[in-house]
Amino acid sequence: MIDMSPEVVTIVMVAGLLVGIMSGFPLGLVLGGVAMAVGLVAWGPQVFYMFYNRLFGVLIEYTFLAVPLFLFMGIMVERSGVSDKLFSALHLWLGGFRGGLAIGTVLFGTILAACVGVIAASVTMLGLIALPAMLSRGYSKGISAGACCAGGTLGILIPPSIMLVLYGPMATISVGKLFMAAFIPGFVLSALYCTYIGIRCFLKPKEGPAMPAEERTATWGRKIYLLFTSMIPPVFLVLAVLGSIFFGIASPTEAAAVGALASIVMAAAYRALNFPVLKETTYRTMRTFSMVFVIVVGASFFTGVFLSLGCGDVVASFVLAAPFGRWGAFAVIMFIIFILGMFIDWIGIIMIMIPIVSPIAIAVGFDPLWFAMMIIVNLQMSFLSPPFAYAIFFLKGVTTPEMEIDSGHIIRGVIPFIGLIMIGLALFIKFPQLILWLPSMMIK
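What counts and how
Residues numbered from 1 in each chain as written. Predicted model: local features only at pLDDT ≥ 70, side-chain atom pairs only at ≥ 80, totals over all residues. Heavy atoms only, no water. Helix = DSSP H or I, 4+ residues; strand = E, 2+ residues; numbered from the N terminus. Contact = heavy atoms within 4.5 Å. Buried < 20%, exposed > 50% of the residue type's maximum accessible area, 1.4 Å probe, protein only. Axes fitted to C-alpha atoms, helices over the stretch in contact; angles between N-to-C directions. Left-handed = near helix turned anticlockwise from the far one by under 90°. Nonpolar A, V, L, I, M, F, W, Y, C, P; charged D, E, K, R; others polar. Core = buried A, V, L, I, M, F, W, Y, C linked by side-chain atoms within 4.5 Å. Disulfide = S-S within 2.5 Å. Parallel < 35°, antiparallel > 145°, perpendicular 65-115°, else oblique. Expected span 1.5 Å × (residues − 1). Arc of directions from axis to C-beta.

**Student:** Provide a residue-level description of the environment of Met 342, including the pertinent values.
**Tutor:** You can see Met 342 is positioned in the loop between helix 15 (325-341) and helix 16 (346-363). What Met 342 contacts, discounting residues up to four positions off in sequence, is Ser 385, Pro 386, Pro 387 and Phe 388.

**Student:** Provide a residue-level description of the side chain of Thr 10, including the pertinent values.
**Tutor:** Within the element layout of this structure, Thr 10 appears in helix 1 (residues 6-22). Classification of Thr 10 by relative accessible area gives buried; the value is 11%. Thr 10 has contacts with Phe 306, Cys 311 and Val 314, leaving out every residue within four places of it along the chain.

**Student:** Give me the packing of helix 15 against helix 17 (residues 368-380): which residues, what numbers.
**Tutor:** With their axes 9 Å apart at the nearest point, helix 15 and helix 17 run at an angle of 35° to one another. Helix 17 is crossed by helix 15, and the crossing has right-handed handedness. Here Trp 327, Phe 330, Ile 333, Met 334, Ile 337 and Phe 338 of helix 15 come into contact with helix 17, specifically with Trp 370, Phe 371, Met 374, Ile 375, Asn 378 and Leu 379. Taken together, the residues of the contact of helix 15 with helix 17 break down into eleven nonpolar, one polar and no charged.

**Student:** Tell me about the nonpolar core, and please be specific about residues and values.
**Tutor:** One finds Tyr 167, Ile 197 and Phe 371 to be the most contacted residues of the largest nonpolar core, which totals 160 residues. Residue contributions to this core peak at 15 residues, all from helix 10 (residues 175-203). The contacts of Tyr 167, once residues within four sequence positions are left out, are Ile 173, Leu 178, Ile 350, Ile 354, Ser 358, Phe 371, Ala 372, Ile 375 and Ile 376.

**Student:** Lay out the state of the cysteines in plain terms, naming residues and giving numbers.
**Tutor:** Throughout the structure, instances matching the rule amount to zero disulfides. As a non-bridged cysteine, Cys 148 has Cys 149 as the owner of its nearest cysteine sulfur, 6.9 Å distant. A relative accessible area of 0% places Cys 148 in the buried class. A disulfide-free cysteine, Cys 194 has its sulfur positioned 11 Å from the sulfur of Cys 201, the nearest such atom.

**Student:** So what about the packing of helix 18 (residues 390-398) against helix 19 (residues 407-430)? Which residues, and what values?
**Tutor:** One can describe the packing of helix 18 onto helix 19 by two numbers: an axis separation of 10 Å at closest approach and a directional angle of 135°. Classified by the interaxial angle, the pair formed by helix 18 and helix 19 is oblique. Handedness of the helix 18/helix 19 crossing: right-handed. Residues Ile 392, Leu 395 and Lys 396 of helix 18 touch helix 19, and the partners they reach there are Ser 407, Ile 410, Ile 411 and Val 414.

**Student:** Talk me through helix 3 (residues 47-59); I want residue IDs and the actual numbers.
**Tutor:** Its 13 residues place the ends of helix 3 19 Å apart at the C-alpha level, agreeing with the 18 Å of an ideal helix rising 1.5 Å per residue. Where helix 3 is concerned, the buried positions are Val 47, Met 50, Phe 51 and Val 58. The arc that holds every buried residue of helix 3, seen down its axis, measures 100°, which confines them to one face. More than 90 degrees from the buried face of helix 3, the exposed residues found are Tyr 49, Tyr 52, Asn 53 and Leu 59. Structurally, helix 3 contributes buried residues whose contacts are with helix 2 (27-43) and helix 13 (275-308).

By themselves these figures say nothing about function.
So, in C-alpha cells, the structure goes:
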C-alpha cells in the first residue's frame, strides 16, 4: 500500500479515466478498472469490501428498477406504429408553412419524448420518418438533420427520462420532482427550436419550402380527426405515467410499471402486439439495461474510491476558488460538464460528477432541484457536440446513400441548436421559476 496525497490521486484517476476512454475500452470497464487499480494501491484487498457494499447498494436501489421498465416502455412504443400516424397528422397541419415540416419534426420529437424517454429510439424514428420527407420536398440537409437531432434529444429531458431516474438517487433528489421540473424546460427548448426554424425558413425560403397544396389536400374535419386519433395514445401514456406521479398516486418506479403495461395496451390497440414483437422488445431492453448497469456499477466504484481518498475536496477547492463567488463556481461546473459531454457517455458523467458537484452547489446556496435541471439541460448539448455526439451517430446510421448526407452536414445542422440550448440555460438562470413552479404544485 502506498500513501498518496488527494491531489496526486485526483490526477492519477482522472488521467487514467481519460487514457482508458481514448483507448476505446467500454466506459464501465474503464471506470471499474481505474477504481480497482487505485484502490488496491491505496488500501490493498480491503477495497473489495467497499466494492461489495457499492454493488449491493446499486442492486437494492428501488428507484433504479424504473430504468428497465421505462426502457421497455420506450421500445414498445417504437414498435407500436403510433409514430407514423402522428407524423402524418402533423405533416398535414404544418406542411403548408415555410419550415413547417421541420417544425413538425421538432413537435413530433417533443411528443415522442413524453412516450419514449430514450434518444436512440427518438432520433432513429425521426431519421426514418421525418428526414426523408423533408429532403424529398427540398429542405436543406442542415436544417433537416438539425431538426431530427435536436427534436430527438428532447427524449432524455422531457419525462419519463432515464437520465432523471439515474440522477435522482445520485443527488438524493426525488425523481418525481425531477420529472415535474423537467417539463417546462423541455417545452421551452422545443419552442426555441421551432421559433428558430420558423425565422430561418422565413428569411431563407429555399431552406424549408412550403409543401404544394396538392400534397396536403384534406378537409378540416379529416385533419382534426387524424390529429385527435393520433394524439390519444401518447396522451393516454403520459397520463398513465406522469399523472400518477403528479397526483401522488404512485412512485416513479410504480409509474414505470404502469407505463410498461400501458405501452403493451397501446401496441395491442394498433394491432402491433405479437410474440416476436414482445420477444424483441424484451431482448433489446435486456441488452440496453445491461450496458447501463455495467456503467452504473463501474461509476459507483470510481466515485467510491475518488471520494474516500479525499479527491472530492480537491475538486471542491478548485471550483470554489473561481472568481465572482458562487456564480463563478457555477460557471466552472457547467463548463466542466460541457467539456466532459464531448468525450464521455452521459451516464458516466452523472454517476461520476453528481456526487461530487451536488454538495458544492448546496454549499454555495443554489436550490438542489434548480441546479439539477441546469446540469441536465447542459447535458442536452452533449448529444449534439462532437466528437462524442450520440444524436449525430444515430442519425447518420439511418441515412441512405441516396440522401447524400455526411457527418459534416449533420454537424453543421446541429450547431445552431447548441446555441439555442445555451439561450435556454440563460432563461432558466434569469427565471428559475420555469423550473421550480411545477414541482411546487405536486400533491404529496
